[in-house]
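Observations on chain architecture
Here are the chains, one letter per residue:
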Amino acid sequence: PIAAPGAFQLAFADSFDDDRYAWRPQTYAFGGTEITGGQFVLRPNWEDSSNSIYDTNTNYLFDEFDLIVRGSVVENPGDLSNTAYGIIFGSQGTSDHYRLDWTPGGFYALWRLEKSQYVTVLDWTFTGALEQGVGAQNETHLTLEAGTLTIAFNGREVVRQPLANYQPGFLGLVCATFAS
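In this report, we go over the structure that sits alongside the text. Counting of residues starts from 1 at the beginning of each chain's written sequence and follows it residue by residue. A pLDDT threshold of at least 70 governs which residues receive local features in this predicted model, and a stricter bar of 80 or more applies before side-chain atom pairs are shown or counted, although totals over entire chains, interfaces and linings include all residues. Values reported for side chains reflect all heavy atoms of the structure, with hydrogen atoms and water molecules removed beforehand.

This brings us to the overall build of the protein chain. Numbered from the N terminus, helices here are DSSP runs of H or I no shorter than four residues, and strands are runs of E no shorter than two. On a plain count of helices and strands, the protein chain comes out with 0 helices and 15 strands. The contact criterion used is simple: two residues touch if any of their non-hydrogen atoms lie within 4.5 Å. Sequence-distant contacts in the protein chain: of pairs separated by 6 or more residues, those separated by 24 or more amount to 54%. Carbon and sulfur atoms make up 48% of the accessible area of the protein chain, which totals about 9,000 Å². Per-residue and other accessible areas were derived by the Shrake-Rupley procedure at a 1.4 Å probe size, with only the shown protein chains allowed to occlude residues.

Next up on the list: a nonpolar patch on the surface. Residues enter a patch when their relative accessible area is above 30% and they make no salt bridge; the linking distance is 9 Å between like charges and 5 Å between nonpolar side chains (Val, Leu, Ile, Met, Phe, Trp, Tyr). In the sections that follow, a salt bridge refers to a side-chain nitrogen of Lys or Arg positioned within 4 Å of a carboxyl oxygen of Asp or Glu. Residues F107, W124 and F126 make up a contiguous nonpolar surface patch of roughly 290 Å² in combined accessible area. When you line up the elements, W124 lands in strand β11 (residues 117-126). Each residue is placed in one exposure class: buried if its accessible area under a 1.4 Å probe, protein chains only, is under 20% of its type's maximum, exposed if it is over 50%, and partly exposed if it falls in between. The exposure class assigned to W124 is partly exposed, which follows from its relative accessible area of 33%.

Looking now at the pairing of β11. Pairing between two strands is assigned when DSSP locates at least 2 bridges connecting them. Sheet analysis places strand β10 (residues 107-114) next to β11, joined by 7 bridges and oriented antiparallel. The residue bridging F107 from the neighbouring strand is F126, located in β11. If you look at the hairpin formed by β10 and β11, you'll find 2 residues sitting between the two strands, and K115 has a positive phi there, around 50°.

This part is about the pattern of salt bridges. Oppositely charged side chains may form a pair once their charged atoms are brought near each other. Taken as a whole, this structure holds 4 salt bridges when the rule is applied. A salt bridge links R112 to E114; its shortest N-O distance comes to 3.8 Å. What makes R112 buried here is its relative accessible area of 13%. Relative accessible area serves as the criterion here: at 39%, E114 is assigned to the partly exposed category. One salt bridge connects R160 with E157, and the closest N-O pair in it is separated by 2.9 Å. Overall, E157 belongs to the partly exposed group, its relative accessible area being 45%.

For β10, the buried fraction is high: 6 of the 8 residues fall into the buried class. Once strand β9 (residues 97-102) ends, the chain turns through 4 residues before running back antiparallel as β10, passing G106 with a positive phi of about 95°.

Turning our eyes to something else, we now look at the side chain of N138. Tracing the sequence through the fold places N138 in strand β12 (residues 138-145). At a separation of 3.3 Å, a polar atom in the side chain of N138 contacts the side chain of Y85. Within the structure, the side chain of N138 is placed 2.7 Å from the side chain of N154, a separation counted as a polar contact. Look past the residues within four positions of N138 in its chain and what remains in contact with it is V69, R70, G71, Y85, W102, A129, L130, E131 and N154. Definition of a polar contact: a pair of N or O atoms within 3.5 Å, with one able to donate and the other able to accept a hydrogen when the atoms are protein atoms, and with sequence-neighbouring residues admitted only if both atoms are side-chain atoms.

The subject of this paragraph is the packing of aromatic side chains. The aromatic pairing rule takes the rings of Phe, Tyr and Trp, using the six-membered ring of Trp, and pairs them if the centres are within 6.5 Å, calling planes under 30 degrees apart stacked, those over 60 edge-to-face and the rest tilted. The tally for this structure, following the rule as stated, stands at 9 aromatic pairs. Note on F65 and F89: the rings are 5.7 Å apart at their centroids and 65° apart in plane angle, and the pair reads as edge-to-face. Note that F65 is positioned in strand β7 (residues 65-71) and F89 in strand β8 (residues 83-91), a separation of 24 residues in sequence. An aromatic cluster of at least three residues, connected via ring pairs, comprises F65, F89, Y98 and Y166.

Here we come to the side chain of T103. Summarising the element assignment, T103 is placed in the loop between β9 and β10. Apart from residues no more than four positions distant in its own chain, T103 is found in contact with T83, A84, W124 and L130.

Moving on, we come to unusual backbone geometry. One non-glycine residue with positive phi stands out, namely S116, at about 70°. Inspection of the secondary structure assignment puts S116 in the loop between β10 and β11.

Nothing here speaks to function; it is all geometry.
Here you go:
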């Protein structure tokens, strides 16, 4: 669910029982998305070690938000160290957004994609707040209020980070495989 931070009024929620909120099943060379069993599933091409698959909900622009995402890696035929999943926010399209990734190994990082180039905002950091392994459920809570991003995993705040150049944008979900 997403709520306006100060008011705590629900602005958007999705049960993923259909594609009414722009989460559309799609197929790409580097993976695909589907809605099944009340979940939005991102399936990367595991054979490509340097790809991300993500989808943004282009129905709503968010400036400030309070977002909760529950998710897990449900399968990984390879090494868990090459997998991350996460949240896209402030998306201005395919060349500008913020991206929070976390891994089944308990690490998280925050990136800013600016003019198609990723810049590290927070480098990979281990936290005991993340459940680890395939199938481990994690609840991620992101709040952006007054230019400050707060990140919490499973009810434990791990960081507060000012985002001076944040522009209102779309929210999305991401799954990635990478070489290192």
